[in-house]
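# Reading the structure
Read off the chains here:
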Amino acid sequence: MSDTPPDRLSVNQNSPYFQRELLERGIGIRFKGVERRDVEEYCISEGWIRAALGNKVDRKGNPLTIKLNGPVEAWFERPAAGGETEEGAEG
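Residues numbered from 1 in each chain as written. Predicted model: local features only at pLDDT ≥ 70, side-chain atom pairs only at ≥ 80, totals over all residues. Heavy atoms only, no water.

## Observations concerning the nonpolar core
Grouped together as the largest cluster of nonpolar side chains are 12 residues: Leu9, Leu22, Ile27, Ile29, Phe31, Val39, Tyr42, Ile49, Ala51, Val72, Ala74 and Phe76. Setting aside its immediate chain neighbours within four residues, valine 72 contacts Ile29, Arg30, Phe31, Tyr42, Cys43, Ile44, Gly47, Trp48 and Ile49. (Core = buried A, V, L, I, M, F, W, Y, C linked by side-chain atoms within 4.5 Å. Buried < 20%, exposed > 50% of the residue type's maximum accessible area, 1.4 Å probe, protein only. Contact = heavy atoms within 4.5 Å.)

What follows is the structure, encoded as C-alpha cells:
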C-alpha cells in the first residue's frame, strides 16, 4: 500500500470515493495552511474540501456540508499495516 493518500477520498459510505482501509489508517488534512478535523470529502487536484456545517443534517440523516476551495494537503497519520518496520530501534 502506498504512503501517499489518494487524490480524492470521502468518509460517506455511499460515495464512490469511500475506501475503508485508507480511512482506518487516519487521514490528516491541511486546508489553506490550517489542520482540519471536520472534512467529509476532499480532492487535492481540484483544490477543494467538503466540511460539515456543525450538527445540521439533511432529511436522510446525512450531515450538511459546504464546499470550500483552496489548497489542500493530505497525509496518513499511521503507516500501512505490515508496511514499515522499526529498523534501528534496537538499544
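Let us keep going from here.
## Re the sheet that holds strand E1 (residues 8–10)
Within a sheet, adjacent strands bond to each other through the backbone by hydrogen bonds, running parallel or antiparallel. A sheet is described by the order of its strands in space; here 4 strands give the open sequence E1-E4-E5-E6, paired in antiparallel fashion. The open sheet has two edge strands, E1 and strand E6 (63–69), and neither has a second partner. The sheet shows a mean angle of 20° between the axes of neighbouring strands, direction not considered. (Pairing = 2+ DSSP bridges. Helix = DSSP H or I, 4+ residues; strand = E, 2+ residues; numbered from the N terminus. Axes fitted to C-alpha atoms, helices over the stretch in contact; angles between N-to-C directions.)

## Re the sheet that holds strand E7 (residues 72–76)
As summarised here, the arrangement of the 3 strands in space is E3-E2-E7, forming an open sheet in which the pairing is antiparallel. The strands lining the two open edges of the sheet, one partner per strand, are strand E3 (34–36) and E7. Each strand axis lies, on average, 30° off the axis of its neighbour in the sheet, ignoring direction. Pairing of strand E2 (residues 27–31) with E3, which is carried by 3 bridges, proceeds in the antiparallel orientation. Its bridge partner lying in E3, phenylalanine 31 is registered against valine 34.

## Quick word on the environment of proline 5
Locating proline 5 in the fold gives a position in the segment before E1. Between the C-alpha atom of proline 5 and that of glutamate 73, which follows or precedes it by 68 residues, the distance is 9.5 Å. Residues in contact with proline 5, not counting those within four places in the same chain, are Ile27, Tyr42, Ala74, Trp75 and Phe76.

## A look at the pairing of strand E5 (residues 48–57)
The pairing of strand E4 (residues 39–43) with E5 spans 4 bridges and is antiparallel. Across the sheet, residue valine 39 finds its bridge partner in E5, namely alanine 51. In this antiparallel pair of consecutive strands, E4 and E5, the connection spans 4 residues, and glycine 47 shows a positive phi of 70°. With 6 bridges joining them, E5 and E6 adopt antiparallel strand pairing. Opposite valine 57, over in E6, you have proline 63 as the bridge partner. Linking two consecutive strands that pair antiparallel, namely E5 and E6, is a turn of 5 residues; a positive phi of about 90° is found at glycine 61 within it.

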